[in-house]
Every structure is written in C-alpha cells, then in structure tokens.
Amino acid sequence: MPSDPTPRPARFVRPSPPPLGRDCALFLDIDGTLAELAHAPDAVRIDVDLCALLPRLREELNGALALVTGRANTDADRLFPGFTLPIAGQHGCERRDAAGTIHLHAPIRKTQARLRTLLKRLAKRHPQLQLEDKGAALALHYRGSPQLASHVHRTLRRSRGPSCSPCAWWKLPLECVVEDVGTRIRWRSCRRRRTRPS
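Residues numbered from 1 in each chain as written. Predicted model: local features only at pLDDT ≥ 70, side-chain atom pairs only at ≥ 80, totals over all residues. Heavy atoms only, no water.

Draft legend 1. Quick peek at the overall build of the protein chain. Of the regular secondary structure elements, the protein chain holds 4 helices and 10 strands. When the elements of the protein chain are put in sequence order from the N terminus, they spell out β-α-β-α-β-β-β-α-β-β-α-β-β-β. Considering only intrachain contacts with a sequence separation of at least 6, the fraction spanning at least 24 residues in the protein chain is 47%. (Helix = DSSP H or I, 4+ residues; strand = E, 2+ residues; numbered from the N terminus. Contact = heavy atoms within 4.5 Å.)

Draft legend 2. Structural context of the packing of helix α3 (residues 109-125) against helix α4 (residues 149-159). It is at 12 Å that the axes of α3 and α4 come closest, and there the two elements cross at 150 degrees. Taken together, α3 and α4 sit at an angle that is classed as roughly antiparallel. As for the relative orientation of α3 and α4, their crossing is right-handed in sense. Here R114, L118, L119, L122 and R125 of α3 lie close against α4, whose contacting residues are H151, T155, L156 and S159. Per-class residue counts for the contact of α3 with α4 are 4 nonpolar, 3 polar and 2 charged. (Axes fitted to C-alpha atoms, helices over the stretch in contact; angles between N-to-C directions. Parallel < 35°, antiparallel > 145°, perpendicular 65-115°, else oblique. Left-handed = near helix turned anticlockwise from the far one by under 90°. Nonpolar A, V, L, I, M, F, W, Y, C, P; charged D, E, K, R; others polar.)

Draft legend 3. Local environment of α4. Restricting attention to buried positions, one finds in α4 the residues A149, V152, H153, T155, L156 and S159. Looking straight down α4, one finds that the buried residues subtend no more than 160 degrees of arc, so they occupy a single side. (Buried < 20%, exposed > 50% of the residue type's maximum accessible area, 1.4 Å probe, protein only. Arc of directions from axis to C-beta.)

Draft legend 4. Representation of the nonpolar core in the model. Core analysis: the biggest nonpolar cluster contains 18 residues, and L28, I30, L67 and F80 have the highest contact counts within it. Elements with a minimum of two residues in this core: β1 (26-28), β2 (65-68) and α2 (73-79). Other than its neighbours up to four places away in sequence, F80 contacts I30, L34, I46, C51, L54 and L67. Counting residues in each nonpolar core, the second largest holds 13 residues, with L115, L140, L148 and V152 among its members. (Core = buried A, V, L, I, M, F, W, Y, C linked by side-chain atoms within 4.5 Å.)

Draft legend 5. Quick peek at the sheet that holds β1. Spatially, β1-β2-β3-β4-β5 is the arrangement adopted by the 5 strands of the open sheet, whose pairing is mixed. The open sheet is flanked by β1 and β5 (102-104), the only strands paired with a single partner. Sheet twist, expressed as the average angle between the axes of neighbouring strands with direction ignored, equals 15 degrees. (Pairing = 2+ DSSP bridges.)

Draft legend 6. Spatial organisation of the pairing of β2. One ladder, built from 3 bridges, connects β1 with β2; its direction is parallel. In the sheet register, L28 faces β2, and the bridge partner there is L67. Considered for its hand, the β-α-β crossover made up of β1, helix α1 (residues 48-60) and β2 is right-handed. Across 2 bridges, β2 lies against strand β3 (residues 87-89) in parallel orientation. Bridging across to β3, L67 finds its partner in I87. (Right-handed = clockwise from strand over helix to strand, strands pointing away.)

Draft legend 7. Examining the pairing of strand β6 (residues 130-133) more closely. The pairing of β6 with strand β7 (residues 137-141) spans 4 bridges and is classified as antiparallel. Within β7, the position partnered with E132 by the bridge is A139. Between β6 and β7, which pair antiparallel one after the other, the connecting turn spans 3 residues, and G135 there sits at a positive phi close to 110 degrees.

Draft legend 8. Focus on the pattern of salt bridges. All told, the structure shown has 6 salt bridges when counted by the stated rule. Between D75 and R71 there is a salt bridge whose closest N-O contact spans 2.6 Å. Via salt bridges that share partners, D31, R71, D75 and R78 belong to a single interconnected network. (Salt bridge = Lys/Arg side-chain N within 4 Å of Asp/Glu carboxyl O.)

Draft legend 9. How the structure looks around α1. The first and last C-alpha atoms of α1 sit 19 Å apart over 13 residues, in line with the 18 Å expected at 1.5 Å per residue. Regarding α1, its N-cap is D47, as a side-chain oxygen of that residue lies 3.0 Å from the backbone nitrogen of D49 further along. In the stretch just after α1, N62 is the one whose phi turns positive, near 55 degrees. (Expected span 1.5 Å × (residues − 1). Polar contact = N/O pair within 3.5 Å; in protein donor to acceptor, adjacent residues only side chain to side chain.)

Draft legend 10. A look at the environment of L138. For L138, the location among the structural elements is in strand β7. A C-alpha to C-alpha distance of 8.2 Å links L138 and L115, two positions 23 residues apart in sequence.

This is the structure in structure tokens:
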C-alpha cells in the first residue's frame, strides 16, 4: 500500500532544485526553514547536526552563505553558538556583512513609539497575543489564538496614516510584523493562506 494514498496534483509537485555550484550564494531563513516553528520565538532550537553542517556548507560555497531572518541579530546568534555568519536581521533593518561590520536602519522614533503603544494595548487587552519588540521591528504573535487574526489586521489597517503603504500579505507563521521603512510604514500580516487585502 503506498504511503500517500492521495498524491498531490501534478501542478503542486515541484522538481528538486539543481545542485548548488561553487559560484552560488545561499541565503537561509531560520524559523520554519533551519528550525521547526515553535509556540514562542525563544522556544526555537536548532538541530545539532544541522549546526555542524553549516561551516562545511560555507566552505563549499567559498563563504557565500548568509542568514535572512525577522529575528534580531543577537537573538539569531544565540541559536548558533560559536559560529558567526553574515546576516540580515529584523527583515533587513540590521545587517552584518562578511567582514563583521554592522549596518543599521534607524527607525523614526515618533512613528515607532506610536506603533509600540498600539500593539501594547492590543496585547494587554488580549493576553493570548505576544508582543515581541525586536528593536527596529515589532511583531505581534497570535499563533496561540488564530481567531484574533482578523481583529489584529483590522486594528492595524484602521490605524494606518495616508503615507502608509498597502498591506502586504504573506504565507508565513501566524504573526503580524510592523516595520518602519524610511518615512513609510510597512505592515506585514502573516496568515496561513494568501489573501487579498480589502
């Protein structure tokens, strides 16, 4: 008896990617890629064997290996003790290049303070929500209470000013990420399925 009695339709089956050449660069996400998703960001753990593989992979790619994550760089480094990679943390708001130099995007304090106050109120009103202040970015996690997703999205949409960009909807873990990008605000609302913003 086949292990999968209901095979996926052909349109959903993707071929295996080609082998990486030594002239390729590899950018790896952490949560959901290098690590299984967890109920809370600080509960994530990296497999020991995978950690041991990364230095060898970096050598095979002549150093062209980097991490891309919503986590702060210091938080990401905690998951890989004794091994430092170039990284784009907080969705690109802080970056560490191959030489170890840190590049920071400084958020607009007034705007960030307004967003922080808004999300703190939401988290206080609904204890199931978890507010994660990453520094340049704020994340409001509702994995434990997905029924609050639409309420969080509506609250954020109502609070946007005229200079804010449209909502971007991503098929990612259950969270809403709010970032200050230059003079604009980018709202990244993450849901189980891709949905058109209303």
